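# Structure at a glance
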Amino acid sequence: MELFLQSIANGLVQGGFFALFAVGLVLIFGVMGVVNFAHGELVMVGAFTIWLLHAQYGLGYIPAIAVAIVLVTVIGLVMERLLFRPTRADPLAGLICSIGILFILQVIAALIGGDGPSKQVPPPYQGTLVMFESLRIPYQRVFSLAISVAALVSLWFFLTRTRYGWALRAVALDREAAELQGINTNRISMVAIGVGTALAGLAGGLIAPLTNINPHMGHNVIVTAFIVTIVGGVGSLSGAVLAAILYAVFHTLITVYFGATIATISGLVLMVVVLIVKPTGLMGVRVSE
Amino acid sequence: MSSKGGFTMPKLAIGAVALIALLATPHFLGFHHQDLLIFLTINVLAVCSYRLVTLTGEWSLIHAVMMGVGAYTVALSVNHFDLAIWFTLPLAGTAAGLIAALLCFPLLRMTQFYFLIGSFAAGEAIRLTWVEFVGVFGGTSGLRGVEAPVVWGIDFLDPIPYFYFTLVVVGICLLILYRIEHSRIGLTLHAIHWKAPLAESVGVNAWRYRALAFILGSFFVGIAGGLKVHYLGSVTPNQFTIGFMVFILIWVIVGGYNKFYGPVIGVVVLTIFDESIRSFEVIRPAIYGGMLILSILFLPMGLESIPAKLKSWFGSDSASDEQALSDQ
Amino acid sequence: MPVLEINNVTKKFGGLMALDDVSFQVEEGEIRGLIGPNGAGKSTMFKNIAGFYSPSSGDIRYQGQSIAGRKPHNIAEMGVVRTFQETTLFQELSVFENVLVGCHIRSRSNLFAAILGLDRGLQREAEEKVAEVLDFMGLGERREQLASELPLGSQRALAIAIALASEPKLLLMDEPFAGMNPEETNHMMELTRKVQESGISIVLVEHDMKAVMGLCGYLTVLNFGQLLAEGTPEEIRHNERVIEAYLGGAG
Ligand SMILES: Nc1ncnc2c1ncn2[C@@H]1O[C@H](COP(=O)(O)OP(=O)(O)O)[C@@H](O)[C@H]1O
Ligand SMILES: [Mg+2]
């Protein structure tokens, strides 16, 4: 029982982190129609930035996160401007381009990090929060969860309360109609990828002290993001958040009792089942033919 | 679209010269390059079978894993039952085809993005099964000690005879793939790609044809996987990751997927290119990534389209050239 | 027995009633006009008949057999084939190949025959059928051209040729005259009559009143998803409710 509760608590923390990059992926797909395969690598770049600036050069953790966010966002904006915009007519082309970027980012990380084992970043926040006597959550995880929640809430405000947020949702709903209404869809695409990649940078910053950092860590991230996106319903942000939390708890529990590989296999099978039974996911709506 | 397969004298002559060159090649190569030539031949089958799957317009991400299914089938059947290569290869194809047939039920309910992601998920689940069930599949280190076949007293551990064998098997498979594409079945697959509702309105069961393409593509790539493990003697889950899948995609796209021979050009040119940048081991993936992007942006029809492009750029008599072509 | 019976068919899209309890019958061998203002539900009716949608409620019978909810390819095999409202062709294929796809039902080759080349007989038969259909539709000269290169009138003719190659007994034509000049319209009317004379029943959705009045013996009028009126062209021309619907709907 103790183990069970502890796993759920860990799962929730993980869920906040999953939600950050899954939401970014959904935003980019919703607005631009591109499956950004390099999204996991963006998280990796964020984490690498923390390792380089904070662990190697002693920059403060928070400023390092800020740099990570800016750096990843700039990469995202460049991708949109140079790759996704020119290939807008063909969604497959955008996806292939993002695979190209994925390789390039991995190589850059490998060059900067050098060969050798995965890197670790010592947690900037030491100590552990103890609740109900036996439930222990390290402060680093508490921090991560708090920032994730804050970021998601801000995103929600941005999307529902601002002019840009409104326009962004309009483009996601129907690009052509939005264009007819005079919305500058290219600019909105920049906003969408900017926000989406900024969240990926933040996610990388938050995960850095909690995981092993290496150039290939993006793979697990993108697998998770796909599962979460599909289970939540493609194009649904609230679905992605809900699915991220549910999947994180599910994954943590299965990992504890059966091991990580079985957990991932179950997640993938779950995703295929969702695709069969309810292709629109938990919260998604699909416009009929 | 489907160029009529008329064999003219010059075509035959070029074919004969190419064949002789191909047969002679391994004798001029070192051991390392002989290996490479065999893997290249196997990868040609991987890309051509992938193209069959994409004919209906759906891009799957499970093809590499299907190659793995073939490879594991061969490894298991050799290690446990000591089956001869005549049986293991068809078995490899059949196993991959069967798994594809089962996967049709969930996967073919989806199209485009959903199919892409669904096929990725299904493939990754299969691959992780190899990692997880150590007892059967050997886990991360995979299955080893698959003995090289000896056929009619010829030891296939030797690259040259195995290259010839591979060439024959791949040649037969390519011939079958070519005939399928240029038959009514191929036409129907194209039709489903361009306008599925129109095809359905005249009685085409689009689901069945998509399933057929998927199963056949998997069958042939299963054979490719079998050929690989017979030569390598071992198989691991890491040989069939999304990374290898991406290579298949790159070969097909850079070569050009509108023509049967486009992917072949892609895999041959890029393998040679790859050899020439071996010394840049670390940055090799980035060079690939950059090339992939450049080809998408500037050569969306692939290398295969270059001759036609050149023709339209140079010479005002290109019109008469085209005339001559269409007269054939 | 009527060739097609529509019995109380309703089709809802969310809250929208695209078809609302519609019933009518089409007799063997006739050209039935199905008319009504834009958005009346005509194309939706065709999609329900041809299996692209299944009705929310109600039944559709073809030659006495219920076909509601079946798959498009099954319905096509039974002999009901639709054409599409916007010109829908395999643009990247040649005229010949377009019609060859249409021959799918009557001459489909299996995998092994295709690989081994044992389907030559079938193939020749199919090619003869294609030639026959192309001549019938006046496209014989254009067989090697790409579908996308044809002028509008020929594209429309090709769309019908693809349908005819599948040897339908009931043909559903969705606005085949849209955008045609008077000459092309006359030509297409002739072709449509020829199709009817070859023994195929036709339901024609069309806005071109000259064509409808010239071709159809009987008309069914839809408005806002409901059956508004039925009658001979003469009766419909003078029907108050029909006139009102068309005038109210801005033509
Ligand atoms: N797939 C669909 N989803 C939602 N509404 C639809 C769909 N198809 C048609 N409609 C609606 O149904 C009504 C009838 O459309 P349609 O059958 O195309 O009309 P017509 O062919 O008579 O002009 C219209 O209001 C149209 O917007
Ligand atoms: Mg209509």
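Analysis parameters
Residues numbered from 1 in each chain as written. Chains lettered and ligands numbered in written order. Predicted model: local features only at pLDDT ≥ 70, side-chain atom pairs only at ≥ 80, totals over all residues. Heavy atoms only, no water. Helix = DSSP H or I, 4+ residues; strand = E, 2+ residues; numbered from the N terminus. Rg over C-alpha atoms; globule rule 2.2 N^0.38 Å. Buried < 20%, exposed > 50% of the residue type's maximum accessible area, 1.4 Å probe, protein only. Contact = heavy atoms within 4.5 Å. Areas by Shrake-Rupley, 256 points an atom, 1.4 Å probe, with all protein chains shown as cover. Near = heavy atom within 4 Å. Polar contact = N/O pair within 3.5 Å; in protein donor to acceptor, adjacent residues only side chain to side chain. Donors = N, O, S within 2.8 Å, 3.2 Å for Na, K, Ca; no water. Buried area = accessible area lost by both parts, 1.4 Å probe. Salt bridge = Lys/Arg side-chain N within 4 Å of Asp/Glu carboxyl O. Pairing = 2+ DSSP bridges. 1 Å grid on protein atoms, 1.4 Å probe; cavity = no way out; pocket = protein on both sides within 12 Å on 5 of 7 lines; lining within 4 Å. Points joined across faces, edges and corners; volume = space filled by probe spheres on them. Nonpolar A, V, L, I, M, F, W, Y, C, P; charged D, E, K, R; others polar. Domains from an automatic or database assignment. Core = buried A, V, L, I, M, F, W, Y, C linked by side-chain atoms within 4.5 Å. Axes fitted to C-alpha atoms, helices over the stretch in contact; angles between N-to-C directions. Phe/Tyr/Trp six-rings, centres within 6.5 Å; stacked < 30°, edge-to-face > 60°. Lys NZ or Arg CZ within 6 Å of the ring centre and 35° of its normal. pLDDT = per-residue confidence, 0-100.

Across its full length, chain C holds 10 helices and 10 strands. For chain C, the C-alpha radius of gyration of 19 Å lies close to 18 Å, the compact-globule estimate for 251 residues. Projected onto its principal axes, the C-alpha coordinates of chain C cover approximately 60 × 40 × 35 Å. When the 251 residues of chain C are sorted by exposure, 55% land in the buried category. At a minimum sequence separation of 6, the contacts of chain C that also span at least 24 residues come to 65%. A total accessible area of about 10,600 Å² is found for chain C, and carbon and sulfur atoms account for 48% of it.

Moving on, we get to the site of ligand 1. The full set close to ligand 1 counts 12 residues, and Gly39(C), Gly41(C), Lys42(C), Ser43(C) and Thr44(C) are the nearest of them. Chains contributing residues near ligand 1 are chains A and C. One of the backbone nitrogen or oxygen atoms of Lys42(C) is found 2.8 Å away from an oxygen atom of ligand 1. Between ligand 1 and the protein, one listed contact pairs an oxygen atom with a side-chain N or O atom of Ser43(C) at 2.8 Å. Here ligand 1 loses 70% of its free accessible area of 560 Å² to cover by the protein chains.

Residue and element names in this part refer to chain C. Around the magnesium ion (ligand 2), the protein supplies Ser43 (OG) and Gln85 (OE1) as donor atoms, at distances of 2.1 to 2.3 Å. With Ser43 in helix H1 (residues 42-50) and Gln85 in the loop between strand E6 (80-82) and helix H3 (95-102), this pair connects stretches of sequence that are 42 residues apart. Judged by relative accessible area, which is 16%, Ser43 ranks as buried.

Once that is clear, we can look at the interface of chain A and chain B. The interface is formed by 35 residues belonging to chain A together with 35 residues belonging to chain B. Across the chain A to chain B interface the summed buried area is about 3,200 Å²; carbon plus sulfur atoms make up 87%. Where chain A touches chain B, the interface holds 0 salt bridges. Taken together, the elements giving at least two residues each to the side of chain A that touches chain B come down to helix H3 (61-84), helix H4 (91-113), helix H9 (218-232) and helix H11 (260-277) of chain A.

For the rest of this paragraph, the subject is the pairing of strand E10 (residues 226-231) of chain C. Pairing of strand E9 (residues 218-223) of chain C with E10(C), which is carried by 5 bridges, proceeds in the antiparallel orientation. Counted as the bridge partner of Leu219(C) is Gly231(C) from E10(C).

The next subject is the layout of surface pockets. Taken as a whole, the second largest pocket holds about 1,300 Å³ of empty space. Taken together, 41 residues line the second largest pocket, and the ones lying closest to its centre are Phe103(A), Gly243(B), Phe244(B), Phe247(B) and Pro285(B). Elements represented by at least two residues in the lining of the second largest pocket include exactly H4 and H9 of chain A together with helix H2 (31-54), helix H5 (112-132), helix H10 (242-255), helix H11 (262-276) and helix H12 (284-298) of chain B. It is H10(B) that contributes the most residues to the lining of the second largest pocket, 6 residues altogether. Looking at the lining of the second largest pocket, its residues break down into 21 nonpolar, 12 polar and 8 charged. In this structure, the lining of the second largest pocket is formed jointly by two domains, domain 1 (30-240) and domain 2 (242-328) of chain B, each of which donates at least three residues.

Turning our attention to the domain arrangement of chain C. All names here are of chain C. Domain annotation of chain C identifies domain 1 (1-79 + 168-251) and domain 2 (89-167). For domain 1 versus domain 2, the separation of C-alpha centres amounts to 26 Å. Each side of the interface is counted separately: domain 1 has 18 residues, and domain 2 has 13 residues. Taken together, both faces of the contact between domain 1 and domain 2 bury some 1,200 Å²; the carbon and sulfur share is 71%. When the buried surface of domain 1 facing domain 2 is broken down by residue, Glu77, Pro168 and Leu191 rank first, second and third, together holding 33% of it. Linking domain 1 to domain 2 there are 4 residue pairs in polar contact (both at pLDDT 80 or more). For the side of domain 1 that touches domain 2, the leading source of residues is helix H7 (residues 182-197), giving 5 residues. A class-by-class count of the residues in the side of domain 1 that touches domain 2 yields 12 nonpolar, 1 polar and 5 charged.

Time to look at the nonpolar core. In terms of nonpolar packing, the biggest core is built from 280 residues, with Ile49(C) and Leu158(C) touching the most fellow members. Here Ile49(C) is in contact with Leu4(C), Ile6(C), Ile60(C), Ile67(C), Ile75(C), Val80(C) and Leu172(C), once residues within four sequence places are set aside.

What follows deals with the sheet that holds strand E7 (residues 170-174) of chain C. As a general point, the strands of a sheet are linked pairwise by backbone hydrogen bonds and lie either parallel or antiparallel. All names here are of chain C. Here we have 6 strands laid out as an open sheet, ordered E6-E7-E8-E3-E9-E10, and mixed in their pairing. The sheet terminates laterally at E6 and E10, the two strands that pair on one side only. Between one strand axis and the next, the sheet turns by 20 degrees as a mean value, whatever way the strands run. Strand direction decides the pairing type here: E7 and strand E8 (residues 201-205), joined by 5 bridges, are parallel. Following the sheet pairing, Leu170 is matched in E8 by Ser201. Each of strand E3 (31-35), E7 and E8 touches H7; the most contacted strand, E8, lies at about 150 degrees to it.

Further remarks concern the packing of aromatic side chains. Taken as a whole, this structure holds 33 aromatic pairs over all chains when the rule is applied. Judged by centre distance (6.1 Å) and plane angle (70 degrees), the ring pair of Tyr61(A) and Tyr125(A) falls under edge-to-face. Of this pair, Tyr61(A) sits in helix H3 while Tyr125(A) sits in the loop between H4 and strand E1 (128-131), placing them 64 residues apart in sequence. Judged by its relative accessible area of 31%, Tyr125(A) falls in the partly exposed class. A centroid spacing of 5.9 Å and a plane angle of 35 degrees characterise the contact between Tyr162(B) and Phe165(B), whose relative ring orientation is tilted. With Tyr162(B) and Phe165(B) both in helix H7 (residues 159-181) and 3 residues apart, the pair spans about one turn of that helix. A relative accessible area of 0% means that Tyr162(B) is categorised as buried. Note on Phe165(B): relative accessible area 12%, which makes it buried. Here the aromatic residues Phe17(A), Phe18(A), Phe21(A), Tyr247(A) and Phe250(A) are joined through ring pairs into a cluster of three or more. One residue, Lys228(B), lies across the ring of Phe39(B), its end atom 5.9 Å from the ring centre. The residue whose ring lies beneath Arg82(C) is Phe84(C), and the NZ or CZ to ring-centre distance is 3.9 Å.

With respect to topology, 4 strands assemble into an open sheet ordered E2-E1-E4-E5 (chain C), the strand pairing being antiparallel. The open sheet terminates on both sides in strands that have one partner only, identified here as strand E2 (16-26) and strand E5 (65-66) of chain C.

A separate point is the pattern of salt bridges. Residues and elements named next belong to chain C. This structure, assessed with the given rule, holds 15 salt bridges over all chains. The partner of Glu30 in a salt bridge is Arg32, and the shortest N-O contact between them spans 3.1 Å. For Glu30, a relative accessible area of 14% puts it in the buried group. According to the relative accessible area criterion, Arg32 is buried, its value standing at 4%. Through salt bridges with shared partners, a single network forms among Arg106, Glu125, Lys129, Glu132 and Glu167.

Attention now moves to the confidence of the model for chain C. Per-residue confidence for chain C gives a mean pLDDT of 90; residues scoring 70 or more make up 98%. If you check the scores for this complex, the pTM reads 0.87 and the ipTM reads 0.90.

What follows is about the interface of chain C and chain B. Tallying the contact residues gives 35 residues for chain C and 25 residues for chain B. For the pair chain C and chain B, the two sides together bury roughly 2,600 Å², of which 68% comes from carbon and sulfur. Of all residues in chain C, the largest losses of buried area upon contact with chain B belong to His73(C), Phe90(C) and His104(C), amounting jointly to 21% of the total for that side. Seen at the junction of chain C and chain B, the total is 0 salt bridges. Taken together, the links from chain C to chain B amount to 2 residue pairs in polar contact (both at pLDDT 80 or more). For the side of chain C that touches chain B, the secondary-structure elements that each account for two or more residues are helix H2 (72-78), E6, H3, helix H4 (111-116), helix H5 (120-136) and helix H6 (152-165) of chain C. In terms of residue class, the side of chain C that touches chain B is made up of 19 nonpolar, 10 polar and 6 charged.

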